[in-house]
There are 2 protein chains.
Amino acid sequence: MENKVTLKELSKILNVSISTVSKALNDSSEISHETRQRVKELAKLNNYLPNAMAQNLKKKSTRTIGVIIPAILPQFFSKVLHGIETRANKLGYKVIVCISNESLEKEKDGILTLITSQVDGLIISLARETQTMGSYDHFQMVSQYNIPLVLFDRVTSQIDCDKVIIQDREEARKATAALFRSGCKNVAYFSAISHTSVDNERKRGYEMACENLNKRIFTYTVETNEDFDKFFQHEFIKRSIDGILVADELTAILLMKTALKRGLQIPLDLSVIGFANGTMGEHFITSLSVVDQRAMDQGIQAVDLVVDRIEGRTKEDPVEVSLEATFIYRESTRLISA
Amino acid sequence: MENKVTLKELSKILNVSISTVSKALNDSSEISHETRQRVKELAKLNNYLPNAMAQNLKKKSTRTIGVIIPAILPQFFSKVLHGIETRANKLGYKVIVCISNESLEKEKDGILTLITSQVDGLIISLARETQTMGSYDHFQMVSQYNIPLVLFDRVTSQIDCDKVIIQDREEARKATAALFRSGCKNVAYFSAISHTSVDNERKRGYEMACENLNKRIFTYTVETNEDFDKFFQHEFIKRSIDGILVADELTAILLMKTALKRGLQIPLDLSVIGFANGTMGEHFITSLSVVDQRAMDQGIQAVDLVVDRIEGRTKEDPVEVSLEATFIYRESTRLISA
DNA sequence: CTGAAAGCGCTTACAG
DNA sequence: CTGAAAGCGCTTACAG
């Protein structure tokens, strides 16, 4: 009922000017110690909170970071968001979140909304549709408005900005090689996120490993449960596949589920390695060996990069942070000799 | 480089007043059709975007909803957030997210930050520490500043505001009764979220079911893996427990994992029902029967309630929406006769 | 040490 | 139909 208290009201009560109140609350050395005390007491008494809109308008900084993620349900993205939120808060920044839902249009809207909201910086992982269409015009706004931008995980060389990624290609290559080393004869690649940058990279890494060892390449796009069934009925048998690298966690779990239901033994009949490191893969029986995408670290790094830009600590050239991923050895793979 | 365009600059180029530009962009009927066209064209040409800080300061509305969740990693909360974000966007609101990390202090900070940010409304699920200590003083600020508030899932009768919950007590009672009906002789209650409102309610519902049927009550608080091992070594045998109601998904999974590792059969030797409805329980082998907490719906309802308040569509009295949860029958329970 | 004034970028009565 | 003016709640040179 009593509603917001303003500097003006405090100044009236104390019979001093608004300027004095403002300076006192900001601990300006211009103001006498005694006045500072009086002002602060009254402010606390009235639960005074500044109006950030007014402050920001004046200071031309909102201490807010805008974040656009393609989805929030895959644990990878909620972990990154956790990293972003925690780090941003520690550095005194708020976070406004938009979810693009893998849609180019919603990503565009998100960018406009966030620029309008005067965010000091942006952290974005590209929508699948955006990457499929290769449509990046909407990022011109970002550079025109001179807003520091960090891309993570789903990135593109077509946008000139700071980036955070893991070494997807190299990790996929190593994981594939490890499967062969553990005794697999025919290793396939599964993905439900085709056309994303990370999928391209991982697939390429997989292919490189196969080429190096003169192995045949088998890549599959899977979307529905039937795709899995079909795979096991035909390709799995025909190609004698006994190892699979999977580009995302949920797909890896669905794959293993189908295999187990069909009476296959993991990792004896079929070895599996997944990407990302989620609770689901960790607790599944059999537990999933994974390339840890270091979600939390990606979030933290992205914040550090964007804040460095905002606060002018980075010189001109774009920075690309390529985190070294770690392989987590679990039950879905046979012992791998170093 | 070129940086933000303002009304003033547009007005200079067109040789009209700032007021005219503003009105034209807002499609005011005061302005001639021709001028409107000219203004809009120039605005588009220059990628003009309004400064929301200035607009909000004037209009005293930010069309922003502040959200505080205790955690984001449990899928329940990221699903709710997804519901909130989607619905809020559809209604033209932005979302600022704070994560309290189950800490009272961070919850307080979050509230101050969000009030300072002039959010039009708040959606909060209480931190565990807040509920444990029963410390709700920081909510006085919210009512003093007259900010519409909706509590969801973790709520308290001590705060007078709109609420969204599921009927935790009744659902727990029904689930427990169902376990007995399916043939269980001794049903226990497991929780890793003790002292939260939802835990209290679910425990109470469990107890009611036991009392109704003259069954003994066994409640356990579990935090570590050892707790599970200890349980199976002692209590499980001593009490001949063959059914367990679990207050959260992860605990249910860890419980089943331990049971399966010890060679028990689910649901033959042990039936399990969990709360929340996550991907993990769905895909676990054996899949988990659950009370669906309707995460997405809770988020949507919370937004509707808070927006109704913001836009003055609700009269005085607090509204409590109590969603009917649905039971999802899966493999972790024996067939339950109606 | 204190205060008057200008201004951040908008919107909106009000006058013409 | 257009524009001058006031004001949203702050901050910050500048004067005194």
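Preceding this section is the structure that the text describes.
Parameters and conventions
- Residues numbered from 1 in each chain as written.
- Chains lettered and ligands numbered in written order.
- Predicted model: local features only at pLDDT ≥ 70, side-chain atom pairs only at ≥ 80, totals over all residues.
- Heavy atoms only, no water.
- Near = heavy atom within 4 Å.
- Polar contact = N/O pair within 3.5 Å; in protein donor to acceptor, adjacent residues only side chain to side chain.
- Helix = DSSP H or I, 4+ residues; strand = E, 2+ residues; numbered from the N terminus.
- Nonpolar A, V, L, I, M, F, W, Y, C, P; charged D, E, K, R; others polar.
- Core = buried A, V, L, I, M, F, W, Y, C linked by side-chain atoms within 4.5 Å.
- Buried < 20%, exposed > 50% of the residue type's maximum accessible area, 1.4 Å probe, protein only.
- Contact = heavy atoms within 4.5 Å.
- Buried area = accessible area lost by both parts, 1.4 Å probe.
- Salt bridge = Lys/Arg side-chain N within 4 Å of Asp/Glu carboxyl O.
- Phe/Tyr/Trp six-rings, centres within 6.5 Å; stacked < 30°, edge-to-face > 60°.
- Lys NZ or Arg CZ within 6 Å of the ring centre and 35° of its normal.
- Least-squares fit on C-alpha atoms with pLDDT ≥ 70 in both.

**Let's talk about the protein's contact with DNA strand C**
- As a structural note, the neighbourhood of DNA strand C is formed by 26 residues, with Lys23, Glu30, Lys58 and Lys60 of chain A together with Ser22 of chain B the closest of them.
- Protein-adjacent atoms of DNA strand C, using a 4 Å cutoff, are sugar or phosphate at a proportion of 60%.
- At 2.5 Å, a side-chain N or O of Ser22 of chain B approaches a phosphate oxygen of DNA strand C.
- A distance of 3.1 Å separates a phosphate oxygen of DNA strand C from a polar atom in the side chain of Gln55 of chain B.
- No other element matches the four residues that helix 2 (residues 18–25) of chain B contributes to the surface near DNA strand C.
- Its residues placed into classes, the surface near DNA strand C shows eight nonpolar, 11 polar and seven charged.

**As for the nonpolar core**
- Counting 140 residues, the largest nonpolar core has Ile123 of chain A together with Ile123 of chain B as its most contacted members.
- Ignoring any residue separated from it by four or fewer positions in sequence, one finds Ile123 of chain A in contact with Ile65, Gly66, Val67, Ile68, Ile84, Val150, Phe152, Ala302, Val303 and Val306 of chain A.
- Grouped together as the second largest cluster of nonpolar side chains are 66 residues, Leu10, Val39 and Ile159 of chain A together with Val119 of chain B included.

**Points about unusual backbone geometry**
- Cis geometry is found at the peptide bond from Ile266 of chain A to Pro267 of chain A, where omega equals 10 degrees.
- Secondary-structure assignment places Pro267 of chain A in the loop between helix 13 (249–261) and strand 9 (271–275).
- Located in the positive-phi region is Arg294 of chain A, a residue other than glycine, with phi close to 55 degrees.
- As for its position among the elements, Arg294 of chain A is in the loop between strand 10 (289–292) and helix 15 (295–310).
- With a phi close to 60 degrees, Asp153 of chain B is a non-glycine residue in the positive phi region.

**Digging into the interface of chain A and chain B**
- Facing 58 residues of chain A, the contacting portion of chain B comprises 58 residues.
- Regarding the contact of chain A and chain B, the summed buried area is about 5300 Å², with carbon and sulfur atoms giving 60% of it.
- Linking chain A to chain B there are two salt bridges.
- Of the charged contacts, one joins Glu85 of chain A and Lys106 of chain B as a salt bridge, the two residues approaching to 4.0 Å between their closest N and O atoms.
- Contributions of two or more residues to the side of chain A that touches chain B are made by helix 4 (52–59), helix 5 (75–90), strand 2 (94–99), helix 6 (104–116), helix 8 (139–144), helix 13 and helix 14 (279–283) of chain A.
- The element contributing the most residues to the side of chain A that touches chain B is helix 5 of chain A, with seven residues.
- Classifying every residue of the side of chain A that touches chain B gives 28 nonpolar, 20 polar and 10 charged.

**Regarding the side chain of Thr286 of chain B**
All names here are of chain B.
- For Thr286, the location among the structural elements is in the loop between helix 14 (279–283) and strand 10 (289–292).
- Overall, Thr286 belongs to the buried group, its relative accessible area being 15%.
- Non-local contacts of Thr286, meaning those with residues more than four positions away in its chain, are made with Met256, Leu260, Ile266 and Glu331.

**Comments concerning the packing of aromatic side chains**
- Applying the stated criterion across every chain yields a total of 20 aromatic pairs over all chains.
- Between Phe190 of chain B and Phe231 of chain B the ring centres are 4.8 Å apart and the planes differ by 85 degrees, which places this aromatic pair in the edge-to-face class. Of this pair, Phe190 of chain B sits in strand 6 (residues 187–191) while Phe231 of chain B sits in helix 11 (residues 225–233); the two residues are 41 residues apart in sequence, bridging distant segments of the chain.
- Members of the aromatic cluster, joined through ring pairs, are Phe190, Tyr220, Phe228, Phe231, Phe232 and Phe236 of chain A.
- The ring of Tyr93 of chain A is capped by Arg63 of chain A, whose NZ or CZ atom sits 4.4 Å from the centre of that ring.

**Some points on the relation of the copies chain A and chain B**
- With an RMSD of 0.0 Å, chain A superimposes on chain B once it is rotated by 180 degrees and translated 0.0 Å along the axis. Put plainly, the chains are arranged around a two-fold axis.
- The share of interface residues of chain A whose copies in chain B are also at the interface is 100%, consistent with both copies meeting through the same surface.

**Overview of the protein's contact with DNA strand D**
- As a structural note, the neighbourhood of DNA strand D is formed by 26 residues, with Ser22 of chain A together with Thr20, Lys23, Lys58 and Lys60 of chain B the closest of them.
- Close to the protein, within 4 Å, the atoms of DNA strand D belong to sugar or phosphate groups at a rate of 59%.
- Take Lys23 of chain A: an N or O atom from its side chain is 3.1 Å from a base nitrogen of DNA strand D.
- A distance of 3.0 Å separates a phosphate oxygen of DNA strand D from a polar side-chain atom of Thr35 of chain B.
- Among the elements that make up the surface near DNA strand D, the one with the highest residue count is helix 2 (residues 18–25) of chain A (four residues).
- Looking at the surface near DNA strand D residue by residue, the class counts come to eight nonpolar, 11 polar and seven charged.

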